[in-house]
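# Commentary on secondary and tertiary structure
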Amino acid sequence: MTNPDAVATRPAFEWLGPCPLSNTLRLPAEAVRLLALNDVSESTLRTPDVAEWLADPATRVVGGGSNVVFVTPRVPQAVRIDAADWRVTRSGDDWVDLSVEAGLGLDALVRETAARGWFGLEALAEIPGTVGAAPMQNVGAYGTEIADVTRWVEVWDRRERRIECLAPADCEFRYRGSRFKREAGRWMILRVGLRLATRAPGDWPPVGYPGVGEAVGEWSRRTGRAPAAITPGEYAEVITTIRRAKLPDWRSGWPGSAGSFFHNPVVSVETAERLARRWPEMPRFPVADGMKIPAGWLIEAAGLKGHRDGPVGVSSRHALVLEHHGGASGEVFQRFAEFVRRRVREETGIDLAIEPECVTL
Ligand SMILES: Cc1cc2nc3c(=O)[nH]c(=O)nc-3n(C[C@H](O)[C@H](O)[C@H](O)COP(=O)(O)OP(=O)(O)OC[C@H]3O[C@@H](n4cnc5c(N)ncnc54)[C@H](O)[C@@H]3O)c2cc1C
């Protein structure tokens, strides 16, 4: 996936800047000074000016920019991992262990492993961002989370200035969260160890998620093959088709987006019942600590699906997605997000929490 000749000629690290910071919202952003790491070995990270840069709390770790809102267009200090190799470290009768460097695109890894017939990542097809950022919010889709296949996460402890290898239990993975997110600023994720299956699991293919069963059924009718015969690569394509129908293209063009913009709120049973008296059709799902309500549904109930305000708006296909149509500053975008929150609060009494990190430095 990376060109070995290019790797051989690249320096272990480079100082760049000012340089643009790509982000899927396509807001204007640049790093005044950026450290690009082509190598994440201990000797590189211990180089004195590199170690100093990483230890400075003002240095921001940047990835693919698919889960950030650059409210400010200028980031004074940043570090980005460009090291993007992966390799098989061990294998058994029906599994394979991989070590993946943080700079590799998650979607590229999904495609590569699914094409080899390995099971475990295929439901994460078409999610933007890097492998290094994936454990941060425990990326997940269609019933799969990166935590499900993670064996270890190798990190640079910016405070203690040393490499550590954390077992899954130490990562404190939870829904859209982890210890890395909770202790933001302390860890830079260097490599992720994954175990994938080389034989189909017993419940293959996973079709429990709304829309996936129908799409796999449609694939089966079109190809004349049984659903169980679908390969991980073909399953990844099915997921890709579903996602492209409702999400903006994160690779290029307009509108820009950060995917789902708000967390699905969990409210008390009493609150859910109060809302259900007004909206009997409101979807709601019992969870351990109350009732989960889809944030997109609440935005729609507030009358904002498809609402446009100049360069920014709410998607008409998926109300949980806020869009940037070009020409907005980060501040304009943030004001619009606050407007959506306020309208939902006024209409339903529920306070939505923003999922991406807002960079306001
Ligand atoms: C169209 C679209 C669809 C999406 N769909 C999904 C989805 O289905 N499921 C889902 O979970 N997410 C989804 N997302 C969100 C996003 O793809 C993920 O959060 C992704 O993991 C972000 O990766 P990134 O490299 O772009 O991180 P960035 O946006 O660059 O950074 C996100 C955070 O991670 C930190 N970070 C980045 N790299 C590292 C590192 N190596 N070490 C430590 N910290 C780091 C940054 O400092 C920042 O706090 C979607 C986004 C978009 C735009």
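Attention here is on the structure that accompanies the text. (Residues numbered from 1 in each chain as written. Predicted model: local features only at pLDDT ≥ 70, side-chain atom pairs only at ≥ 80, totals over all residues. Heavy atoms only, no water.)

### A look at the overall build of the chain
Of the regular secondary structure elements, the chain holds 11 helices and 21 strands. For the chain, whose C-alpha radius of gyration is 21 Å, the value lies close to the compact-globule estimate of 21 Å for 361 residues. By principal-axis analysis of the C-alpha atoms, the chain measures approximately 60 × 50 × 40 Å. Counting over 361 residues, the chain shows a buried share of 48%. When contacts within the chain are restricted to residue pairs at least 6 apart in sequence, those whose partners lie at least 24 apart make up 64%. Carbon together with sulfur atoms contributes 50% to the accessible area of the chain, which is approximately 16,500 Å² in total. Taking the average location of the 45 positive side-chain charges in the chain and that of its 47 negative ones, the two points are 3 Å from each other. (Helix = DSSP H or I, 4+ residues; strand = E, 2+ residues; numbered from the N terminus. Rg over C-alpha atoms; globule rule 2.2 N^0.38 Å. Buried < 20%, exposed > 50% of the residue type's maximum accessible area, 1.4 Å probe, protein only. Contact = heavy atoms within 4.5 Å. Areas by Shrake-Rupley, 256 points an atom, 1.4 Å probe, with all protein chains shown as cover. Lys, Arg positive; Asp, Glu negative; His and termini not counted. Charge placed at Lys NZ, Arg CZ, Asp CG, Glu CD.)

### Side note on the site of the ligand
Surrounding the ligand, one finds 28 residues, the nearest of these being V61, G64, S66, N67 and E357. Between N67 and the ligand, the recorded distance is 2.7 Å, taken from a backbone N or O atom to an oxygen atom. One nitrogen or oxygen atom from the side chain of T130 is found 2.8 Å from an oxygen atom belonging to the ligand. Listed by contribution, the elements that provide at least two residues to the shell around the ligand are β9 (140-141), β13 (187-197) and β14 (256-260). Among the residues making up the shell around the ligand, the classes are represented as 12 nonpolar, 13 polar and 3 charged. Two domains each put at least three residues into the shell around the ligand: domain 1 (4-81) and domain 2 (256-359). (Near = heavy atom within 4 Å. Polar contact = N/O pair within 3.5 Å; in protein donor to acceptor, adjacent residues only side chain to side chain. Nonpolar A, V, L, I, M, F, W, Y, C, P; charged D, E, K, R; others polar. Domains from an automatic or database assignment.)

### As for the pattern of salt bridges
Throughout the structure, instances matching the rule amount to 28 salt bridges. Of the charged contacts in the structure, one is a salt bridge between R60 and E357, with a shortest N-O distance of 3.1 Å. With R60 in strand β4 (residues 60-62) and E357 in strand β21 (residues 357-359), this residue pair connects regions lying 297 residues apart in the sequence. Judged by relative accessible area, R60 falls into the buried class, the value being 15%. A salt bridge links R111 to E126; its shortest N-O distance comes to 2.8 Å. With a gap of 15 residues between them, R111 in helix α4 (residues 106-115) and E126 in the loop between α4 and β9 connect regions that are remote in the sequence. Residues participating in the shared-partner salt-bridge network are D107, R111, E126, E237, R244 and R251. (Salt bridge = Lys/Arg side-chain N within 4 Å of Asp/Glu carboxyl O.)

### Regarding the sheet that holds β13
The strand order β7-β8-β13-β11-β12 describes an open sheet built from 5 strands, whose pairing is antiparallel. The strands lining the two open edges of the sheet, one partner per strand, are β7 (86-91) and β12 (162-166). Here the average twist between neighbouring strands, direction ignored, is 20 degrees. Inspection of the sheet shows strand β11 (residues 150-157) paired to β13 by 7 bridges, in the antiparallel sense. Paired with V155 across the strands is I189, a residue of β13. (Pairing = 2+ DSSP bridges. Axes fitted to C-alpha atoms, helices over the stretch in contact; angles between N-to-C directions.)

### Notes on the nonpolar core
Of all hydrophobic cores here, the largest spans 47 residues; its most connected members are L121 and I146. Ignoring anything within four residues of it in the chain, the contact list for L121 reads L109, V110, T113, I146, V149, L194 and L196. F261, M282, V312 and F336 belong to the second largest nonpolar core, which has 34 residues in total. (Core = buried A, V, L, I, M, F, W, Y, C linked by side-chain atoms within 4.5 Å.)

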